[in-house]
Amino acid sequence: EGALCEPQDRRLRHKIISMVDTTLAPAIASDNSNNDWDVGTGGTWTELGAAFQVNGLWALGLVAFFELGRIRYTTMYKSKSNISSFDRKRPLAWILPLLAIDDDTLCARVGVDGYVSILYIKTMKMVFGIVAFFGVLVLIPVYATGGGGRDGFYSITIDNLPKRSTRFFAPLFALILLTVLMCMGMEFASREFLRRRRQYLIERKTRNHVQVERIPRHLRSDSTLCQYFQKLFGSDKISSAYIYINLNDLETKLKKRDFLVQQYERQLVKTIKSNENTSAGTTEHCCPLLAPKSNQNNVALNQDNNAQEIGRRLDLANHAFLDAKALALKREDELAQVETTTRRSSGLTRQILATASATTMRSAATTLGLDFTESYHASSSGLVTTSSLGVATTVAQLALTESPLDIEVIGLAPEPQDLIWRNSCVPIQRIEWREKLIDIGCYLTAAFAWTPLVTFIQLLSNLEQVAKFKHMHFLRPFLRKKKYAYLSALVSGYLPVILMIFFMAAIPFILYYIDIYYIRHKTYSNIQNFIGRRYFCFQLVTLFITVFTGSVSSLLHDFWHDPATVTHKFGLGLPLIADYFAILIISKMLFSTTQELSLVWPYINRRKFDPLFLRPAKIQSYCVGSKVPDLFMVSSIALVYSIIAPLISCFAFLYFWLSEIVFKRQLLFVYHNTYERGGFYVWDAVILFSCLGLALSHIIFISFFSIQERYNEAAITAILPGFIYLHYYRLQKFYIHPAKFLDRETAVERNLFQFYPQKKDQDSNDTNFSFKYRHPALLTDSLDAATVRARLSTALQNKEKNEHTPKDEHIIESSRYDERGLSIPTLRRQSSPSPTQNDMTMV
């Protein structure tokens, strides 16, 4: 009866919904429907209002949490103390000084990777700001007076234009404007990126080091590898070489010892608290560790016994680490002095050894990735030091042999802090094969695991359809009664978006652990590049699943039988789910940005492992692999829907405006550019995915205009994807390829072929090549239980004397801590034994 009471256009709308699988697409507006089961939650302003209210409450709470933490826990929220002059103590007073920072200062503070991310945000803010202005001024009045009979949110979307309407020229003009703005913005931004990238290549810290892979066994010593490159490039061009040694066993012992150090410190803190609670005389002593035990109860005695047991285990672990370190230093000295057969034998013997090594077992092993390296033995990876940056750039671009399986230079060496020492000895062939296997696994996961998950989440958007299922009739009163209208709108509109955001946020963490423990890339920057591209692919799959039928199998079935069906469904279904993506961008704008600003999870993690905030704050690195794809996701949705629903372009503009503030603040005060690679990976992905999202919007509008029988608009739109492809080719040719390496003309003009001496930098704590690229475990000193107790006792005494010290000002002078909470020694020469003549010979 309700269906018979509906207007004719409403019944036609339900037919269209059934064609695009209504059980999966979000709910559609039906405010004027007489159907008792339809309360008009889909596509109405109620869902958008509920999303704004809930996300606004989250945003206010997270901003208040951030403002309290910014003042109280300075070493966590302002870990970069050298730029504290930009901060203000009043709430939100730091925003204006932050926006006033010029680009040169910003790039110098945050690095090229961070600057390129902000450059992309500013470009998208400019593009969607202009498009939003045009949409509010032109598109919304055109859509609102279109006469299509839509109501609610969809009354100001392209879905309100009737079929064959002459008003479709307005979205066509807006689409052309969006394309021109994107191309111009990416052109100007790419020009700025190339300038910053060339400056980084000229001024990079590791000026004259190159990374070498697939080193054959007869060259796996420092001296022979150095002689090999000297014969190829000249003895005056190559200074030294260094082979990575497999020290995973030593690193494991160091991690075990550092874990016990943290456990011991926490147990000592618990013992102190127990003594303070049970002994009145404890407060008379200057240090609770020196208080008598006569007043301790059984709980305090148990805490003390636990501390003694952990201290005993710590001493054993420290002795095991020192023994392994002595073995590693001995092996390093032997490797520096070894004279292989290649040097002592005749030329014919060397030729035979090289030929046999390249054609028999070594070739097969490296192809399959079976070149294993034993503990404390030389690996197939190393570094070569040249005499200047110009020589290093030249060496990095040349092929050493004619065979792709022989020794090769894969590029300039990464920064020492970017290198993952545990993975430095993994053969590159194994990394390549495992990466291909993981890619296949990602495709299968997206098809058979991620698709059902997204489908289940999208079912929450259509409670009306779910209530029709056999065992779901209990939902009908919830949907029928008007008093539940707001709650129903909240569940069907906001809950699916939040669930999708949380599930999407888990993907970078899963990919990170897969990479670092299975694929085992050798640098953190390569891991971030791997994560970023796969993460965005999962986001695109989510977008397609939401727009299409929600099933890859049904999509392939329709495409196999009738390819036109897919584009037809795409053109029909896309305008009907604009409210879902509007709520998604609202949630990203209010919840995701403030959650990034507040650092809730790092705070909880630190509160768990360091309750008294005695340790220095853990260094937080800028992970482009998880941050930048979120920007890509919003820009891709806005590129598709900013013409369909102009309000989405307004939300996208506000999102990028807030993101610029948040990213600037975090990059300046919190995140360290430890994974710096000059922005090359970031901007390459920016160009690729921006052009891909723009081409996707063109294909969608070609289908949509064809369905609306506006063939002239469809023909004009069909020209745009080819234009985007030519523009992408231009950006790659003029900005990406020249940014990979420094050209020889610039190297000659800047006098970069001049000899660069390997001396200690007087303005910093960096030392020469051997100490920059030595394993951190070799530079770590002994740390037993007595040292930890003395350090903690001194720290507590200083804390009592300096009551004006901020609460979280770290008072334990200890090593730096990486992302896993393990100590990383500061690479200073005085922290290691004095180099012997053998050490200098190795260098």
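What counts, and at which threshold
- As a convention, each chain's residues are numbered from 1 in the sequence order in which they are written.
- Totals for whole chains, interfaces and linings use every residue, but because this is a predicted model, local features are given only for residues with pLDDT of at least 70 and side-chain atom pairs only at 80 or more, for both listing and counting.
- As a rule here, side-chain values come from all non-hydrogen atoms in the structure, and water together with hydrogens is ignored.
- By the criteria applied, helices consist of DSSP H or I runs no shorter than four residues and strands consist of E runs no shorter than two, each listed in order from the N terminus.
- Note on areas: these come from Shrake-Rupley sampling with a 1.4 Å probe, and a residue is covered only by the protein chains present in the view.
- Whenever Lys or Arg places a side-chain nitrogen within 4 Å of a carboxyl oxygen from Asp or Glu, that contact is recorded as a salt bridge.
- Exposed residues in this analysis have more than 50% of their type's maximum accessible area, buried residues have under 20%, and partly exposed residues fall in between, with area computed by a 1.4 Å probe over protein chains only.
- In this description, a line fitted to the C-alpha atoms serves as the axis of each element, helices being fitted only across the stretch in contact, and the angle between N-to-C directions of two axes falls anywhere from 0 to 180 degrees.
- With respect to orientation, any angle under 35 degrees is reported as roughly parallel, any angle over 145 as roughly antiparallel, any angle of 65 to 115 as roughly perpendicular, and every other angle as oblique.
- In this analysis, a patch consists of residues with relative accessible area above 30% that form no salt bridge, clustered at 9 Å for like charges and at 5 Å for the nonpolar side chains Val, Leu, Ile, Met, Phe, Trp and Tyr.
- Every residue carries a pLDDT, the predictor's confidence in it, which falls somewhere between 0 and 100.
- Between two residues, a contact is recorded if the distance between any of their heavy atoms is within 4.5 Å.
- Using only the protein atoms, space was sampled on a 1 Å grid; points where a 1.4 Å probe fits but cannot get out form cavities, open sets with protein on both sides within 12 Å along at least five of seven lines form pockets, and lining residues are those with an atom within 4 Å of a point.
- Grid points are joined across faces, edges and corners, and a volume is the space filled by probe spheres set on the points.
- Any residue outside Ala, Val, Leu, Ile, Met, Phe, Trp, Tyr, Cys, Pro, Asp, Glu, Lys and Arg is labelled polar, Gly included; the first ten of those are nonpolar and the last four are charged.
- Centre distance within 6.5 Å is the pairing criterion for rings of Phe, Tyr and Trp, where only the six-membered ring of Trp is used; planes under 30 degrees apart are then read as stacked, over 60 as edge-to-face, and the remainder as tilted.
- When the NZ atom of lysine or the CZ atom of arginine is within 6 Å of a ring's centre and also within 35 degrees of its normal, the charge is said to sit over that ring.
- We define a nonpolar core as any set of buried Ala, Val, Leu, Ile, Met, Phe, Trp, Tyr and Cys residues linked to one another through side-chain atoms lying within 4.5 Å.
- Only strands that DSSP links by at least two bridges are regarded as paired with each other.
- The span you would expect from a helix comes to 1.5 Å times its residue count less one.

## Focus on the overall build of the protein chain
Part 1: Secondary structure assignment for the protein chain yields 32 helices and 8 strands.
Part 2: Carbon and sulfur atoms make up 61% of the accessible area of the protein chain, which amounts to about 37,500 Å² in all.

## With respect to the pattern of salt bridges
Part 1: Enumeration according to the criterion identifies 29 salt bridges in this entry.
Part 2: In this structure, the salt-bridge partner of D104 is R196, at a minimum N-O distance of 2.7 Å. One end of the pair, D104, is in helix α6 (residues 103–144); the other, R196, is in helix α7 (residues 169–203), and 92 residues separate them in sequence.
Part 3: For R196, a relative accessible area of 4% puts it in the buried group.
Part 4: Here E432 and R214 are joined by a salt bridge, their closest N and O atoms 3.4 Å apart. With a gap of 218 residues between them, E432 in helix α15 (residues 428–459) and R214 in the loop between β1 (209–213) and α8 (222–233) connect regions that are remote in the sequence.
Part 5: Owing to a relative accessible area of 31%, E432 belongs among the partly exposed residues under this scheme.
Part 6: For R214, a relative accessible area of 8% corresponds to the buried category.
Part 7: Residues joined by salt bridges that share partners form a network here, namely D104, E192, R195 and R196.

## Observations regarding the packing of helix α27 (residues 680–707) against helix α28 (residues 711–740)
Part 1: Following both chains from N to C, one finds α27 and α28 inclined at 175 degrees, their axes separated by 8 Å at the closest point. In terms of orientation, α27 lies roughly antiparallel with respect to α28.

## Considerations on a nonpolar patch on the surface
Part 1: Residues I176, V180, M184, F188 and I716 make up a contiguous nonpolar surface patch of about 420 Å² in total accessible area.
Part 2: The element that contributes the greatest number of residues to the nonpolar patch is α7, accounting for 4 residues.
Part 3: Of the residues examined, I176 reaches a relative accessible area of 32% and is grouped as partly exposed.

## Let's talk about the environment of L667
Part 1: With respect to the helices and strands, L667 occurs in helix α26 (residues 646–669).
Part 2: You can call L667 buried: its relative accessible area is 3%.
Part 3: Along the chain, L667 and R109 lie 558 residues apart, while their C-alpha atoms are 8.2 Å from each other.

## So, the confidence of the model for the protein chain
Part 1: Mean pLDDT over the protein chain works out to 75, with 70% of the residues at or above the 70 mark.
Part 2: Considering each helix and strand of the protein chain separately, the mean pLDDT is smallest for helix α32 (residues 837–842), with a value of 30, and largest for α7, with 93.
Part 3: Note that residues 1–43 has pLDDT below 50 and, in this model, 95 contacts with residues that lie over four places away or in other chains.
Part 4: Across residues 759–770, confidence stays below pLDDT 50; counting only partners more than four residues off in sequence or on other chains, it has 18 contacts.

## Quick look at empty space enclosed by the protein
Part 1: Inspection of the entire model under this criterion finds 7 cavities of 30 Å³ or more.
Part 2: By volume, the largest cavity amounts to about 280 Å³.
Part 3: Taken together, 28 residues make up the lining of the largest cavity; nearest its centre are Q528, V624, G625, Y681 and V682.
Part 4: A breakdown of the residues in the lining of the largest cavity according to their chemical character gives 14 nonpolar, 10 polar and 4 charged.
Part 5: Its boundaries defined by the atoms lining it, the second largest cavity holds a volume of some 100 Å³.
Part 6: Lining the second largest cavity are M500, I501, M504, Q539, T542, T546, Y580, F581, L584, K588 and M633.
Part 7: The set of elements that each furnish at least two residues to the lining of the second largest cavity consists of α19 (495–519), α20 (524–547) and α23 (578–598).
Part 8: Sorting elements by how many residues they give to the lining of the second largest cavity places α23 first, with 4 residues.
Part 9: When its residues are assigned to classes, the lining of the second largest cavity shows 7 nonpolar, 3 polar and 1 charged.

## Brief notes about the environment of A447
Part 1: In this fold, A447 is placed in helix α15.
Part 2: Residues A447 and V541 lie 94 residues apart in sequence; the distance between their C-alpha atoms is 8.9 Å.

## Considerations on the packing of aromatic side chains
Part 1: In total, this model carries 29 aromatic pairs according to the counting rule given.
Part 2: Relative to Y517, the ring of Y513 has its centre 6.1 Å away and its plane inclined at 0 degrees; by these criteria the two rings are stacked. Here the residue Y513 and the residue Y517 both occupy positions in helix α19, the gap between them amounting to 4 residues, near one helical turn.
Part 3: Three or more aromatic residues link up through ring pairs in this structure, and these residues are Y120, F536, F632 and F689.
Part 4: Sitting over the face of the ring of F321, R257 holds its NZ or CZ atom 5.0 Å from the ring centroid.

## Here we look at helix α14 (residues 389–396)
Part 1: For α14, a buried count of 7 out of 8 residues is recorded, marking the element as mostly surrounded by other parts of the structure.
Part 2: Every buried residue of α14 is accounted for by L389, G390, V391, A392, T393, V395 and A396.
Part 3: Residues of α14 that are buried make contact with α7, β1, α8, β3 (378–386), β4 (408–412) and α29 (744–749).

## Some details on the nonpolar core
Part 1: One finds L178, V210, F229, L250, Y641 and W683 to be the most contacted residues of the largest nonpolar core, which totals 184 residues.
Part 2: A total of 19 residues in this core trace back to one element, the largest contributor, which is α6.

## Observations concerning the pairing of β1
Part 1: Of all 5 residues in β1, 5 are buried, a share of seventy percent or more.
Part 2: What you see with β1 is no split at all: H209, Q211 and E213 on one side and V210 and V212 on the other are buried throughout.
Part 3: Relative to β4, β1 runs antiparallel, the two being bridged by 4 bridges. Directly across from V210, in β4, lies its bridge partner L412.

## Re the pairing of strand β2 (residues 238–245)
Part 1: Across the 8 residues of β2, 7 count as buried, placing the element largely inside the fold.
Part 2: Bridge count for β2 against β3 is 6 bridges, and the pairing is antiparallel. For S240, the partnering residue across the bridge sits in β3 and is T385.

## Concerning unusual backbone geometry
Part 1: Of note in the backbone geometry, L92 takes a positive phi value of approximately 65 degrees without being a glycine.
Part 2: Following the sequence through the fold, L92 ends up in the loop between α4 (74–77) and α5 (95–99).
Part 3: For L92, a relative accessible area of 46% corresponds to the partly exposed category.
Part 4: The residue R164 is not glycine, and still its phi comes out positive at about 65 degrees.
Part 5: Structurally, R164 is set in the loop between α6 and α7.

## Structural notes on helix α3 (residues 45–72)
Part 1: An ideal rise of 1.5 Å per residue puts 40 Å on 28 residues; α3 measures up with 40 Å between its terminal C-alpha atoms.
Part 2: Buried within α3 are the following residues: E47, L48, A50, A51, V54, N55, A59, L62, F66, E67, G69 and R70.

## Quick look at the environment of G152
Part 1: Looking at the element boundaries, G152 is found in the loop between α6 and α7.
Part 2: The sequence separation of G152 and W45 amounts to 107 residues, and the corresponding C-alpha distance is 6.1 Å.

## Regarding the sheet that holds β1
Part 1: An order of β2-β3-β1-β4 is seen for the 4 strands of this open sheet, with the pairing classed as antiparallel. Across the chains shown, the open sheet's two edge strands, defined by having one partner strand only, are β2 and β4. Taken pair by pair, the neighbouring strands of this sheet meet at an average axis angle of 30 degrees, ignoring direction.
Part 2: Taken together, the 4 bridges between β1 and β3 define a ladder with antiparallel strand orientation. The residue bridging H209 from the neighbouring strand is T385, located in β3.
Part 3: Packing of α8 onto the sheet brings it into contact with β1, β2, β3 and β4, and relative to β2 it is tilted by some 140 degrees.
Part 4: Strands β1, β3 and β4 of the sheet are contacted by α14, whose axis makes an angle of about 130 degrees with β4.

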